[in-house]
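Letter by letter, the chains look like this.
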Amino acid sequence: MTKSELIARLAQRYPQLVAKDAEYAVKMILDAMTQALLAGDRIEIRGFGSFGLNYRPPRVGRNPKSGEKVHVPALQGRQGAARAGGFHPGRAVLPVAGAAHAHLSVTRRPERRCAASGAWAWH
């Protein structure tokens, strides 16, 4: 979904919302998220997922064609920081994402409550 598709869906779903207002709301949310990421903050939207910047240090890679070792520099971001953006889907998104994100694990859920303390027991 593109930004313009999101705006169109918002305007369609909420008829009392004018398309210009939906556009302004989406722009303000995305601007706030961008500013938070640039400031080094992590964004977490419960159930949906989290956005953050991950450090990517320099490393030695391998050319798949020739097999020779190649120096891969750190990713250079804002103010020389070696960071790359990342998204981690939440519980609500993982079943929808399907096999594309099968390698991502969901936090284990408790199986039963402890009779003595009432706390959840993890197995």
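You'll find the structure just up there.
Summarised in this report is the structure supplied together with it.

Cut-offs and rules
Residues numbered from 1 in each chain as written. Predicted model: local features only at pLDDT ≥ 70, side-chain atom pairs only at ≥ 80, totals over all residues. Heavy atoms only, no water. Axes fitted to C-alpha atoms, helices over the stretch in contact; angles between N-to-C directions. Helix = DSSP H or I, 4+ residues; strand = E, 2+ residues; numbered from the N terminus. Parallel < 35°, antiparallel > 145°, perpendicular 65-115°, else oblique. Left-handed = near helix turned anticlockwise from the far one by under 90°. Contact = heavy atoms within 4.5 Å. Nonpolar A, V, L, I, M, F, W, Y, C, P; charged D, E, K, R; others polar. Salt bridge = Lys/Arg side-chain N within 4 Å of Asp/Glu carboxyl O. Buried < 20%, exposed > 50% of the residue type's maximum accessible area, 1.4 Å probe, protein only. Pairing = 2+ DSSP bridges. Phe/Tyr/Trp six-rings, centres within 6.5 Å; stacked < 30°, edge-to-face > 60°.

**Remarks on the packing of helix H1 (residues 3-13) against helix H2 (residues 19-38)**
Relative orientation of the contacting elements H1 and H2 amounts to 130°, with a least axis distance of 9 Å. On the basis of the axis angle, H1 is oblique to H2. Viewed along their axes, H1 and H2 form a crossing whose handedness is right-handed. For the pair H1 and H2, the contacting residues are Lys-3, Leu-6, Ile-7, Leu-10 and Ala-11 in the first and Ala-19, Ala-22, Glu-23, Val-26 and Leu-30 in the second. In terms of residue class, the contact of H1 with H2 is made up of 8 nonpolar, no polar and 2 charged.

**Thoughts on the pattern of salt bridges**
Within this structure, the stated rule accounts for 3 salt bridges. Put simply, Arg-42 and Glu-44 hold a salt bridge, and the shortest N to O gap is 3.0 Å. Residue class for Arg-42 comes out exposed when judged on its relative accessible area of 56%. Its salt-bridge partner being Glu-44, residue Arg-46 comes within 3.0 Å of it at the nearest N-O pair. Relative accessible area serves as the criterion here: at 73%, Arg-46 is assigned to the exposed category. Overlapping salt bridges bring together Arg-42, Glu-44 and Arg-46 as one network.

**Re the pairing of strand S3 (residues 59-62)**
Bridging between S3 and strand S4 (residues 69-72) involves 4 bridges; their strand directions are antiparallel. For Val-60, the partnering residue across the bridge sits in S4 and is His-71. Taking the residues that link successive antiparallel strands as the turn, the S3-S4 hairpin has 6 residues, and the phi of Gly-67 there is positive, at about 85°.

**Details of the packing of aromatic side chains**
Inspection of the entire model under this criterion finds 2 aromatic pairs. Ring plane angle 50° and centroid distance 5.5 Å describe the contact between Phe-48 and Phe-87, whose orientation is recorded as tilted. On the criterion of sequence distance, the pair formed by Phe-48 in the loop between strand S1 (43-45) and strand S2 (49-55) and Phe-87 in strand S5 (residues 83-89) is long-range, its members being 39 residues apart. Look at Phe-48 and you get partly exposed, because its relative accessible area is 38%. Seen in terms of ring centroids, Phe-51 and Phe-87 are 4.8 Å apart; in terms of plane orientation they differ by 45°. Their pairing is tilted. Here Phe-87 lies in strand S5 and Phe-51 lies in strand S2, a separation of 36 residues in the sequence. With relative accessibility at 23%, the residue Phe-51 sits in the partly exposed group. Take Phe-87: its relative accessible area is 33%, and that puts it in the partly exposed class. By way of ring pairs, the aromatic residues Phe-48, Phe-51 and Phe-87 are connected into one cluster.

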